[in-house]
Amino acid sequence: MLRALKEKLKWLDPFTYVDKFILPKIEAAPKKIQLLVFFASYAALLILVSLITANPPMVFVFLSAVYAYLYFFEKSESVKWSVYLLSAFLFAFVLYNFVLAFLLGSNAPLMIVYSGSMEPTLYRGDIVLLSGSKNFSMGFAALDFAVAGKTLSDFAEVGYSIDASGRLRPSALKISGNEYALDSKGPIVVYYSPLLKRDIIHRGVLLLHASDGNFLITLGDNNNRIDEDCGKTGSAYNCITVNPVSAGSVKGVYLFHVPLIGYAKLLIFDDLPWFFNCLGISFKGKVDLFGCAFSSPDRREALSLMNGF
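Report follows, based on the coordinates. Owing to the predicted nature of the structure, the values given are computational and were not obtained by experimental measurement.

Definitions and cut-offs
Within any chain, residue numbers begin from 1 and follow the written order of that chain's sequence. Whole-chain, interface and lining totals are the exception, using all residues; otherwise, since this is a predicted model, local features are given only for residues with pLDDT of at least 70 and side-chain atom pairs are given and counted only at 80 or more. Processing note: side-chain calculations cover all non-hydrogen atoms of the structure and skip hydrogens and water entirely. Side-chain rings of Phe, Tyr and Trp, where Trp is taken by its six-membered ring, are said to pair if the distance between their centres is within 6.5 Å; with planes under 30 degrees apart they count as stacked, over 60 as edge-to-face, and otherwise as tilted. Runs of H or I in DSSP of at least four residues are treated as helices and runs of E of at least two as strands, each being numbered from the N terminus. Exposure categories follow from relative accessible area, calculated using a 1.4 Å probe and restricted to protein chains: below 20% of the type maximum is buried, above 50% is exposed, and the middle band is partly exposed. In our convention, an over-ring charge means Lys NZ or Arg CZ found within 6 Å of a ring centre and within 35 degrees of that ring's normal. Expected span, for any helix, means 1.5 Å times one less than how many residues it has. What the bend at a residue measures is the angle between two axes, fitted to the seven residues ending there and to the seven starting there. Residues count as neighbours in contact if any of their non-hydrogen atoms are within 4.5 Å of one another. Two N or O atoms form a polar contact when they lie within 3.5 Å of each other; inside protein one atom must be a possible hydrogen donor and the other a possible acceptor, and for residues adjacent in sequence the pair counts only when both atoms belong to side chains. When a carboxyl oxygen of Asp or Glu is within 4 Å of a side-chain nitrogen of Lys or Arg, the pair counts as a salt bridge.

## Describing the packing of aromatic side chains
Tallied over the full model, the rule gives 13 aromatic pairs. With a centroid separation of 6.3 Å and an interplanar angle of 25 degrees, the aromatic rings of Tyr 17 and Phe 21 are classed as stacked. Taken together, the residues span about one helical turn, with Tyr 17 and Phe 21 both in helix 2 (residues 14-27) at a distance of 4 residues. Here Phe 38 and Tyr 71 contribute two aromatic rings whose centre-to-centre distance is 5.9 Å and whose plane-to-plane angle is 40 degrees, an arrangement assigned as tilted. Of this pair, Phe 38 sits in helix 3 (residues 31-52) while Tyr 71 sits in helix 4 (residues 56-73), and the two are 33 residues apart along the sequence. Phe 38 sits in the buried class, given a relative accessible area of 2%. A residue is classified by how much of its surface remains accessible, and Tyr 71, at 25% relative accessible area, is partly exposed. Members of the aromatic cluster, each reached through a chain of ring pairs, are Phe 38, Phe 39, Tyr 42, Tyr 67, Tyr 71 and Phe 72. The side chain of Lys 75 reaches across the aromatic face of Tyr 71, ending 3.6 Å from its centre.

In structure tokens:
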């Protein structure tokens, strides 16, 4: 019975179809055709991965190194592994963009945590599974004016208090003479920051019911400044996003996470490129190379903005 069940379940593995229907035909083809398949796989992967990543040069370096190793050191298995690599990418793409997106109701069902701003809840390299739900359960403020396009300092004053760890952190917003406590247990959400040009995963700490819709005030669990707090001068270098986040633009809500398994991607496509960026910044004489290269991901954003990277 177990053997029969195992035989049926193997058809759920997409690589079963590769092994049974694709590889035998390729391996039976002439060597020139196999070599063409190898390089075609490399070209296809290079194009596809470059289209969905923010760092095409690093993709080129990484894939070139992998395929060079296969070609020179795994000659007998190189064609097979090139087919597996391309197949794995295509299967992952379909799973992410169609299966998970459909089941969870989100166009961005997975995210790798980029920085330490959500510690100790989430750590850099954690992979987070997200729902597309827009039903936010958190403290709220009912406002009789429009919020879209306004900065936080236009209508609110931030109040601070000492938290359990002895740090001074935002704890409330004073709006039109009323004080609204920030919800430290609010939902963890993902939104896109036009300022930083990447997705941010932080906690929603206050929902604004404004005359022009619902907006979120967000804050990282490990941060001492509200994302939308650019200061009275409105300097974009002091905040993560300039305006309150429209509830309708939220890309996903946290469901659960898997610790640290995404760190390899950050190392290859974020940490190494940042080191080379540091070389360029340090040549300008504005920052110390060592301090720049080993700076936190959050400080990297400020350095990149200030130096035009």
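## Considerations on helix 5 (residues 78-104)
A rise of 1.5 Å per residue sets the reference length of helix 5, with its 27 residues, at 39 Å; its end C-alpha atoms lie 37 Å apart and thus fit the reference within 8%. In helix 5, a bend of some 35 degrees at Leu 95 exceeds every other bend along the element. Taken as a whole, helix 5 has its buried residues at Ser 78, Val 79, Ser 82, Val 83, Tyr 84, Ser 87, Phe 89, Leu 100, Ala 101 and Leu 104. Its buried side turned inward, helix 5 meets helix 2, helix 3, helix 4, strand 1 (110-112), strand 2 (127-131) and strand 11 (252-258).

## Describing unusual backbone geometry
Here the residue pair Glu 119 and Pro 120 is connected by a cis peptide bond, since its omega of 5 degrees sits within 30 degrees of zero. Here Pro 120 is to be found in the loop between strand 1 and strand 2. In this structure, Ser 176 is a non-glycine residue whose phi angle is positive, near 50 degrees. Within the fold, Ser 176 resides in the loop between strand 5 (168-175) and strand 6 (178-181). Here Leu 260, not a glycine, exhibits a phi torsion of approximately 65 degrees, which is positive. Mapped onto the fold, Leu 260 is located in the loop between strand 11 and helix 7 (263-283).

## Quick notes on the side chain of Arg 203
On the secondary structure map, Arg 203 appears in strand 8 (residues 198-210). At 3.4 Å, the side chain of Arg 203 and the backbone oxygen of Ser 184 are in polar contact. The residues contacting Arg 203, other than those within four sequence positions of it, are Met 118, Thr 121, Asp 183, Ser 184, Lys 185, Gly 186, Pro 187, Ile 188, Ile 217, Thr 218, Leu 219 and Asp 221.

## Considering the pattern of salt bridges
A side chain with one charge can pair with a side chain of the opposite charge if their charged atoms come near. Applying the stated rule across the entire model yields 7 salt bridges. Residue Asp 271 is joined to Arg 124 by a salt bridge in which the shortest nitrogen-to-oxygen separation is 2.7 Å. With a gap of 147 residues between them, Asp 271 in helix 7 and Arg 124 in the loop between strand 1 and strand 2 connect regions that are remote in the sequence. Comparing Asp 271 with Arg 124 shows no difference in burial state: the two are buried. Put simply, Lys 265 and Asp 270 hold a salt bridge, and the shortest N to O gap is 3.6 Å. Taking the relative accessible area as the measure of exposure, Lys 265 reaches 37% and is therefore partly exposed.

So, to be careful, I would describe these as geometric facts and stop short of saying anything about function.
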